[in-house]
Amino acid sequence: MTLDPPVDVPAGDLDSGLSRSRGGFMSRLRGLFGVSAVREEAWEIAEEALIGGDLGASLAARVVASAREIRDPESPGAAVRTALAGLLVPRDPDWDLRPTVPGHPIVVLVVGVNGTGKTTTIGKLAIRESLAGRRVVLAAADTFRAAASEQLRIWADRAGVDMVAHAPGADPGAVVFDALDAGVARGADIVIIDTAGRLHTKQNLMDELAKIRRIVDRRLPGAQPETLFVLDATTGQNGLAQAAAFHQAVGLTGIVLTKLDSSARGGIVFAIEDHLKIPVRYVGVGEGSRDLLPFDPGAFITALYGTPGP
Amino acid sequence: MFDVLSDRLRQTLASLTGRGRISEADVDVAMREIRLTLLEADVNFRVVRDFIVRVREQAIGAEILGSLSAGQQVVKIVHDELVALLGVGGRALQLQGNPAVISLVGLQGSGKTTTAAKLARHTVKLGRRPLLVAADPYRPAAGDQLETLGKALDIPVHRAPVGTSVVDIARGGVEAARRLVRDTVIIDTAGRLTIDDALMAEIAAVNAAVHPVETLLVVDAMTGQEAVTVAQAFAASVPLTGLVLTKVDGDARGGAALSIASVTGIPVKFLGTGEKSDALDVFHPDRLAGRILGMGDVLTLVERAQERGSGGTRAFSTRRAGGGLPSVQERPCRR
Ligand SMILES: Nc1nc2c(ncn2[C@@H]2O[C@H](COP(=O)(O)OP(=O)(O)OP(=O)(O)O)[C@@H](O)[C@H]2O)c(=O)[nH]1
Ligand SMILES: [Mg+2]
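Reading guide: rules and limits
- Residues numbered from 1 in each chain as written.
- Chains lettered and ligands numbered in written order.
- Predicted model: local features only at pLDDT ≥ 70, side-chain atom pairs only at ≥ 80, totals over all residues.
- Heavy atoms only, no water.
- Helix = DSSP H or I, 4+ residues; strand = E, 2+ residues; numbered from the N terminus.
- Buried < 20%, exposed > 50% of the residue type's maximum accessible area, 1.4 Å probe, protein only.
- Contact = heavy atoms within 4.5 Å.
- Areas by Shrake-Rupley, 256 points an atom, 1.4 Å probe, with all protein chains shown as cover.
- Near = heavy atom within 4 Å.
- Polar contact = N/O pair within 3.5 Å; in protein donor to acceptor, adjacent residues only side chain to side chain.
- Nonpolar A, V, L, I, M, F, W, Y, C, P; charged D, E, K, R; others polar.
- Pairing = 2+ DSSP bridges.
- Axes fitted to C-alpha atoms, helices over the stretch in contact; angles between N-to-C directions.
- pLDDT = per-residue confidence, 0-100.
- Buried area = accessible area lost by both parts, 1.4 Å probe.
- Salt bridge = Lys/Arg side-chain N within 4 Å of Asp/Glu carboxyl O.

Engineer: How would you explain the overall build of chain A if you had to name every residue and give the values?
Structural biologist: For chain A, the helix and strand inventory stands at 12 helices and 8 strands. Expressed as a percentage of its 310 residues, the buried residues of chain A come to 59%. Nonlocal contacts in chain A, meaning residues at least 24 apart in sequence, comprise 76% of its contacts between residues at least 6 apart. For chain A, the exposed area adds up to about 11,900 Å²; of that, 50% sits on carbon and sulfur atoms.

Okay, here's the thing in structure tokens:
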């Protein structure tokens, strides 16, 4: 299991965070799957466990159905793991944030519903990037929520990076425009934009986000911003509707799955990856500056089910 | 996707329409659809399992009632069982004590700070003089956020210097309330994970120090299957008196709240319906049931049929003037 972050940041412990509260099911599952005779009951328990992990009832049924098709699996548990892995988008293991236009900063646009961990993720990302020797500018484009820019300011100070902010209630698009200007003028390597949390059902707010996206495209043509959707791991089936709406508004390129240090399993990302083909890029495993890790599919599934990878 | 599920459920039930009796096989088909609908609404899978057993028993052999078809009857049984799960009674906000102390607890990002401001405004409407207490020293700028909200509402906010323990912040808040002649104290605590023993012990200590008359668990309506575990863990640390379900202005069906209420018996007291400080509604269990089921139109039909006749039938506890059922917040379900 490789959990080493690419930069010199000591990692939080994904495995221990994830495995804390799920001993019960696994021992039951192992007990059943350990015997050679594959029993119906075991498949049912597997399906329930997937539902309990927020995969969703239909997807859980599908995973178990395709696991059953696998010939001569090591064990039913291994078959379920294989089926789960098959839902994830194929990804380049060497993926990293990279500039798309020489001389222009990388642009990262961070979006999501209220309270999922956008600002905290940006704080952690800013620290990672700045430790990796990149020059970072933060854009405080959440001008709506009370004290949102004060919160980001504290993270900017922790990371020792610049931040562009306007007065509360200002046009977030103007903040973004200024931050991109500042990024170019100061020779920044990366501009990270914090946006206000918004429910995906509020069309006016989603339009506002699409406008921010257009401002990025206009100010830095060809920049292809990395558009990260921040999802709370405790989210249930609504997560898919959220991701679909944000994808439609701004074109998502990646997911950050936060609060994986909780007892929640984050299974809804399987549905999202499967439906929308958007990969999880990072996971949040705490509120500290080092608690952002690159997503490792094998480690994620292992931490979810507690068995070693196939 | 909710549309698809509701449509499927509706089709299943429509196929039962007009029959005098429903066979066991018919019921099984309907139960499969109901199970799916509930699971997709994030009702806990154990709660769903028990629920299906109960509904199945009642649904087998359901007779035509007045002008209701058998299929509609099944919808009614499901609806009534959902309302029963959510429970009744004991939802009024308790304000005994001088000052009356209300504490808000929950996971990170569930909406405690926003809810604290909304509740403060709500108590002003009830004729109270609230004081807000910023007891989250961990999240950057949490105190600033509460202070900004308090200022906009013209409600004082108690803050303590960096380094003050959370218990002392809470105690200081109660003292400040006495000094400022405020009769209601609303404590905004930090978000915490249930597996964080130290922080769970911290809220227990706060409760022991200031004895809130209400300890409300703030839960995001979009929460999935973990909701029950989370609520049970909080309930094990502090005596929870109610739930506040937030972000219900989205399109989540809020099965999490139903699961918590049914497993722990803690009543839902308020719904957060928007980001502004006036977006707080007192909770009506029947409307949430309708939202989870996504069968508003069928339920309205059932209700009308009951209004028209069949004298002895149990009236819907949900009936309101004008008869519209059962969107949350008098607003159409967004699907
Ligand atoms: N345990 C844990 N808490 C987290 C994680 N990420 C964020 N949080 C906490 O979740 C809460 C909300 O985080 P924010 O970063 O303010 O969320 P946001 O999405 O910016 O919120 P809004 O801007 O209000 O929509 C804070 O208390 C964070 O400390 C995580 O990975 N693990
Ligand atoms: Mg934020």
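Engineer: Requested: an account of the site of ligand 1, with residues and values cited.
Structural biologist: The environment of ligand 1 is made up of 23 residues, and the closest members are A:Lys118, A:Thr119, A:Thr120, A:Asp261 and A:Glu287. Positioned at a junction of chains, ligand 1 has nearby residues supplied by chains A and B. Note that an oxygen atom of ligand 1 is positioned 2.9 Å from one of the side-chain N or O atoms of A:Arg145. Here A:Asp261 contributes a side-chain N or O atom positioned 2.8 Å from a nitrogen atom of ligand 1. Protein contact buries 95% of the 650 Å² of open area that ligand 1 shows by itself. Among the elements that make up the shell around ligand 1, the one with the highest residue count is helix H6 (residues 118-131) of chain A (4 residues). Within the shell around ligand 1, the residues separate by chemical class into 2 nonpolar, 13 polar and 8 charged.

Engineer: Could you give an account of the sheet that holds strand E8 (residues 292-294) of chain A, naming the residues involved and the relevant values?
Structural biologist: Whether parallel or antiparallel, the strands of a sheet pair through hydrogen bonds between backbone atoms. All names here are of chain A. The 8 strands are arranged E3-E2-E4-E1-E5-E6-E7-E8 in an open sheet whose pairing can be described as mixed. At either end of the open sheet lies a strand with only one pairing partner, and these are strand E3 (162-164) and E8. Each adjacent strand pair in this sheet contributes to an overall mean axis angle of 25°, direction not counted. Relative to E3, strand E2 (residues 136-141) runs parallel, the two being bridged by 3 bridges. When the bridges of E3 are listed, Leu-138 appears paired with Met-163. Sheet strands in contact with helix H10 (residues 238-250) are strand E1 (106-111) and strand E5 (226-232), and its direction is about 160° off that of E5.

Engineer: Now, about the confidence of the model for chain B: what can you tell me, with residues and values included?
Structural biologist: Residue and element names in this part refer to chain B. Of the residues in chain B, 75% have a pLDDT of 70 or more, and the chain-wide mean is 83. The low-confidence segment residues 1-5 (pLDDT under 50) makes 11 contacts with residues lying over four places distant or belonging to another chain. Counting interchain partners and residues more than four positions distant, the pLDDT-below-50 stretch residues 310-335 has 61 contacts. This complex was scored by the predictor with a pTM of 0.87 and an ipTM of 0.87.

Engineer: Account for the pairing of strand E4 (residues 190-195) of chain A, naming residues and giving values.
Structural biologist: All names here are of chain A. The element E4 is largely enclosed, with a buried count of 6 among its 6 residues. Looking at chain direction, E1 and E4 are connected through 5 bridges and run parallel. Paired with Val-107 across the bridge in E4 is Val-191.

Engineer: I'd like a description of the interface of chain A and chain B, backed by residues and values.
Structural biologist: Each partner contributes residues to the interface: chain A has 43 residues there, and chain B has 36 residues. Across the chain A/chain B interface, buried area totals approximately 3,400 Å², and carbon plus sulfur atoms make up 58% of it. By the criterion of area lost to chain B, the three top residues of chain A are A:Glu48, A:Gln237 and A:Asn238, representing 15% of everything that side buries. Summed over the shared surface of chain A and chain B, the number is 3 salt bridges. Put simply, A:Arg265 and B:Glu226 hold a salt bridge, and the shortest N to O gap is 3.1 Å. Our count for the chain A to chain B interface comes out at 17 residue pairs in polar contact (both at pLDDT 80 or more). The element best represented in the side of chain A that touches chain B is helix H7 (residues 148-159) of chain A, accounting for 5 residues. Among the residues forming the side of chain A that touches chain B, the class breakdown is 13 nonpolar, 17 polar and 13 charged.

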